Amino acid sequence: VQLQASGGGLVQAGGSLRLSCAASGRMFSRYAMGWFRQATGKEREFVATISRTGGTSSYAGSVKGRFTISRDNAKNTVYLQMNSLKPEDTAVYYCAAKAVGLGAVVAPSDELDSWGQGTLVTVSS
């Protein structure tokens, strides 16, 4: 599956953004999806993940309660709604896919099957 992330931009602290990740192909529903981010000078870190049907999701502690991951399998798209943004959320955000069984999600240490190209989110203070 090929992934294309979009929706990044510049926003003030406290604001919101919604990232999208569009997948090519007809097998999107066979993949759990994840969002990761990498800030300048830091290692890439896990942000959120969602299962194949959307019934299960999990979040990094730093974004829990502020970010929401969702997916629309009819549109081959996964979203990341980001609210109450903080300057420390500034990073390049990547979507990723992993073929898994029903109900499974992406683990932070998993080797992923496919990565999107990244979209930059900048949060100003």
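In this text, all values refer to a predicted model and were calculated from it rather than measured experimentally.

**Student:** Sorry if this is basic, but what is going on with the overall build of the chain here?
**Tutor:** Regarding its fold elements, the chain presents 0 helices and 11 strands. Relative to its length of 125 residues, the chain is compact, with a C-alpha radius of gyration of 13 Å against a globular reference of 14 Å. Evaluated residue by residue, the chain yields a buried proportion of 43% over its 125 residues. Residue pairs in contact within the chain that sit at least 24 positions apart in sequence constitute 59% of those at least 6 positions apart. Total accessible area on the chain stands at roughly 6,300 Å², and carbon and sulfur atoms take up 46% of it.

**Student:** What is the right way to read the pattern of salt bridges from this model?
**Tutor:** The final tally for this structure, using the stated rule, is 3 salt bridges. Put simply, Arg-37 and Glu-45 hold a salt bridge, and the shortest N to O gap is 2.6 Å. A salt bridge links Arg-66 to Asp-89; the shortest N-O distance between them is 2.7 Å. Of this pair, Arg-66 sits in the loop between β6 (57-59) and β7 (67-72) while Asp-89 sits in the loop between β8 (77-82) and β9 (91-99), placing them 23 residues apart in sequence. Take Arg-66: its relative accessible area is 11%, and that puts it in the buried class. Among the residues examined, Asp-89 registers a relative accessible area of 0% and is labelled buried. One salt-bridge network, held together by shared partners, links Arg-37, Glu-45, Arg-66 and Asp-89.

**Student:** Any chance you could explain the environment of Gly-34 here in plain terms?
**Tutor:** By the element assignment, Gly-34 lies in strand β4 (residues 31-38). The class of Gly-34 is buried, set by a relative accessible area of 0%. Through-space distance from the C-alpha of Gly-34 to that of Tyr-94 is 8.2 Å; in sequence the pair is 60 residues apart. Here Gly-34 is in contact with Ala-48, Thr-49, Tyr-94, Cys-95, Ala-96 and Val-106, once residues within four sequence places are set aside.

**Student:** Would you mind going over the environment of Ser-109 with me for this structure?
**Tutor:** Mapped onto the secondary structure, Ser-109 falls in the loop between β9 and β10 (114-115). Accessibility expressed as a relative area gives 70% for Ser-109, which makes it exposed. Put simply, Ser-109 and Glu-45 are 64 residues apart on the chain and 9.4 Å apart in space, counted from C-alpha to C-alpha.

**Student:** Just to check I follow, could you spell out the packing of aromatic side chains for this structure?
**Tutor:** Each aromatic ring pair is specified by the distance between its two centres and by the angle formed by the two planes. Per the stated rule, a full pass over the model turns up 3 aromatic pairs. Between the aromatic rings of Tyr-94 and Trp-115, the centroid separation amounts to 6.5 Å while the plane-to-plane angle is 85 degrees, which identifies the pairing as edge-to-face. Of this pair, Tyr-94 sits in strand β9 while Trp-115 sits in strand β10, placing them 21 residues apart in sequence. Ring pairing ties together the aromatic residues Phe-36, Phe-46, Tyr-94 and Trp-115, which thus form one cluster. Residue placement shows Arg-44 over the ring face of Trp-115; its charged tip is 3.9 Å from the ring centre. The positively charged end of Arg-71 is found above the aromatic ring belonging to Phe-28, 4.4 Å away from the centroid.

Conventions used here
Residues numbered from 1 in each chain as written. Predicted model: local features only at pLDDT ≥ 70, side-chain atom pairs only at ≥ 80, totals over all residues. Heavy atoms only, no water. Helix = DSSP H or I, 4+ residues; strand = E, 2+ residues; numbered from the N terminus. Rg over C-alpha atoms; globule rule 2.2 N^0.38 Å. Buried < 20%, exposed > 50% of the residue type's maximum accessible area, 1.4 Å probe, protein only. Contact = heavy atoms within 4.5 Å. Areas by Shrake-Rupley, 256 points an atom, 1.4 Å probe, with all protein chains shown as cover. Salt bridge = Lys/Arg side-chain N within 4 Å of Asp/Glu carboxyl O. Phe/Tyr/Trp six-rings, centres within 6.5 Å; stacked < 30°, edge-to-face > 60°. Lys NZ or Arg CZ within 6 Å of the ring centre and 35° of its normal.

Read these as layout, nothing more, since geometry by itself doesn't imply function.
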